[in-house]
Amino acid sequence: MTDSHLTRRTLLRYGAYGAGAAALAGTAASWDRLTGADIPGRDDGSLVVATLGPAYGPEAIRTLTEGFKRVHPDIKLRINAVQAVDWSDFFAKILTQIAAGTAPDLVYVATEGVQLFAQRLGVPLDRWVKRDAEELREYFADVHPSLVESMMYEGSLYQLPVEFNAADIYLNNQVLKRAGADFPAADWTRDDFTALLRDMKRASGSQFTPYFWTNRLWGGVVPWLFANDTNLLTESKAPGGAWLWDSFYPAAERAGRGGGFRWTTPQADHARVEEAYDYLASLIEEDLCNRPEGGNGQNLIGVFSTGRVGVTPAGGFWAGGLHLAGMKAGGFDTQYFPRWRTQRMQFGAAGYALLRTSKRQEEAWEFIKYAARRDTLMRLFNTNQTTPARRSMLTADRYRETGPDRWQVFYDTLDKFPDTGPIPAPPQVAEVEQVLLKHTGTALASRRAVAPALRRMQSDLEKAMERDV
């Protein structure tokens, strides 16, 4: 990929659902001090929206501003594309703006920041959603309830999801052909996955890695925990939410829904967690996958597109990324994550959150609705740099140029697997993620290292979850 901005924009989709949230934690921790300071800032009367710059380039900003102006000519809009290397850096810069008295009205927030933001910085959207229920009925009919539920906290809705990415499996068709392997079935198992990696390894040279993954919250170890019917933290649902579910979703789709996810007690020393880590350690031992590697997978597009990696977890954002890298539509395809005890998969989503300090909350709500409109998202997500939250936008025409052939996998990960859920992201997500990444690297040094490393992870997670954010 020759355009550095396009490269970063695509790769930041990895970070959007797995990068550290330490800077956001700092924002929340400093909230009382910042709001108490009452620092005056320059105000030109604009509604200010902060987005992650590399993820939203100049064309996207122009699309949003010009389109919004046509619908709301009376609302002056300014979109600040904050130039940052990842979500941690982005939230650090938002903190600086708040401290300077120039806080935005709206901030684009990904899954790992939803609950922390809701707890300390955000405004629930409930009263507006109830007021404008008829206007929003079409939106909710087009968006899977799991995405909406992931944006709820303790019974209230804080964001309208506009995009998501599930950790599906990308396979290099050239490598499959070289190995003489068939494309895996939708209901393939962990054992089928292992056998495929072995076939790929036998057919390729020493520089080839059958399965490549990055050590992060999204797309790292967590998909294997989900597949083995477990999680890093115990998961439950908060009460409430009936006001939304009963209004917008039929009985079959609202069954089992609540007021948002709760992630509470650490369970890193659970037998099934250890089993998942042991499985990954066994793949490393057989030279079937890489050792844990941090970062956002910056080099992965190149090695996958040239056939040096056979299989990797990624979301719909990679379809656009591989196309920009020069990979033909028929060069790769996608499948669901393999089944183990379950075939539950993970996702991350994003949307606009409203700051409590905003003095333009009605105008901000109008922007939130505009940004979730189908025509807006059709113009904004026209290069397959993400998976739209709106089901109706995923069509054969959308993926004809970029691929994959099995593009239905992206939304069917939700529709056909309704228990698919968000990455575990409690308000203490910053420390939880740091603990996960640190001890995952140690645990996978060898199979003998798994159990002691997970015991240390459990201890550190317990301390992290006891801290008040």
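As a reminder, the structure under discussion sits directly above these lines.
What comes next concerns the included structure. (Residues numbered from 1 in each chain as written. Predicted model: local features only at pLDDT ≥ 70, side-chain atom pairs only at ≥ 80, totals over all residues. Heavy atoms only, no water.)

Quick word on the overall build of the protein
Let me state the cut-off plainly: By the criteria applied, helices consist of DSSP H or I runs no shorter than four residues and strands consist of E runs no shorter than two, each listed in order from the N terminus. Burial classes: relative accessible area under 20% of the type maximum marks a residue as buried, over 50% as exposed, and values in between as partly exposed (1.4 Å probe, protein chains only). Working rule for contacts: check all heavy atoms of both residues, and any pair within 4.5 Å makes them a contact. Reported accessibility uses the Shrake-Rupley method at a 1.4 Å probe radius. Residues are deemed covered only where the shown protein chains occlude them.
Counting its regular elements, the protein contains 23 helices and 15 strands. The buried share of the protein, reckoned over its 469 residues, is 60%. The contacts in the protein between residues at least 6 apart in sequence include a share of 82% that link residues at least 24 apart. When the accessible surface of the protein is split by element, carbon and sulfur atoms take 48% of a total near 17,600 Å².

A few points about the packing of aromatic side chains
The cut-off we apply is this: Stacked, tilted and edge-to-face pairs are distinguished by plane angle, under 30 degrees for stacked and over 60 for edge-to-face with tilted covering the rest, among Phe, Tyr and Trp rings (Trp via its six-membered ring) whose centres lie within 6.5 Å. For a ring to carry a charge above it, either NZ of a lysine or CZ of an arginine must fall within 6 Å of the ring centroid while also lying within 35 degrees of the normal to the ring plane.
Across all of its chains, the model carries 27 aromatic pairs by this definition. Residues Tyr139 and Phe140 carry aromatic rings whose centres are separated by 5.1 Å and whose planes lie at 75° to one another, so their mutual orientation is edge-to-face. On the basis of relative accessibility, which here comes to 3%, the residue Tyr139 falls in the buried class. Overall, the relative accessible area of 0% leaves Phe140 in the buried class. One aromatic cluster in this structure is built from Tyr170, Phe304, Trp318, Phe332, Tyr399, Trp407 and Phe410. Across the ring face of Phe208, the terminal group of Arg178 is positioned such that the distance to the ring centre comes to 5.3 Å.

Some remarks on the pairing of strand S1 (residues 47-52)
For clarity, the threshold we go by: Two strands make a pair as long as DSSP finds a minimum of two bridges between them.
Burial within S1 is extensive, with six of its six residues counted as buried. In S1, alternate side chains face the same way, and those of Leu47, Val49 and Thr51 on one face and Val48, Ala50 and Leu52 on the other are all buried. When S1 meets strand S2 (residues 77-82), the two strands line up parallel, connected through six bridges. Pairing of Leu47 across the sheet is with Leu77, part of S2.

Some points on the pattern of salt bridges
As a reminder, the rule being used: Between Lys or Arg on one side and Asp or Glu on the other, a salt bridge is scored when a side-chain nitrogen of the former is within 4 Å of a carboxyl oxygen of the latter.
Enumeration according to the criterion identifies 28 salt bridges in this entry. Among the ionic pairs, Lys369 bridges to Glu135, the shortest N-O distance being 2.9 Å. Taken together, the residues Lys369 in helix H18 (residues 361-371) and Glu135 in helix H8 (residues 133-142) connect sequence positions 234 residues apart. For Lys369, a relative accessible area of 7% gives the class buried. Residue Arg447 pairs with Asp278 through a salt bridge whose shortest N-O separation is 2.7 Å. Of this pair, Arg447 sits in the loop between helix H22 (429-443) and helix H23 (450-466) while Asp278 is found in helix H15 (residues 271-285), placing the two residues 169 residues apart along the sequence. Of the residues examined, Asp278 reaches a relative accessible area of 25% and is grouped as partly exposed. Residues joined in a network through salt bridges with shared partners are Arg131, Asp132, Glu135, Glu362, Glu366 and Lys369.

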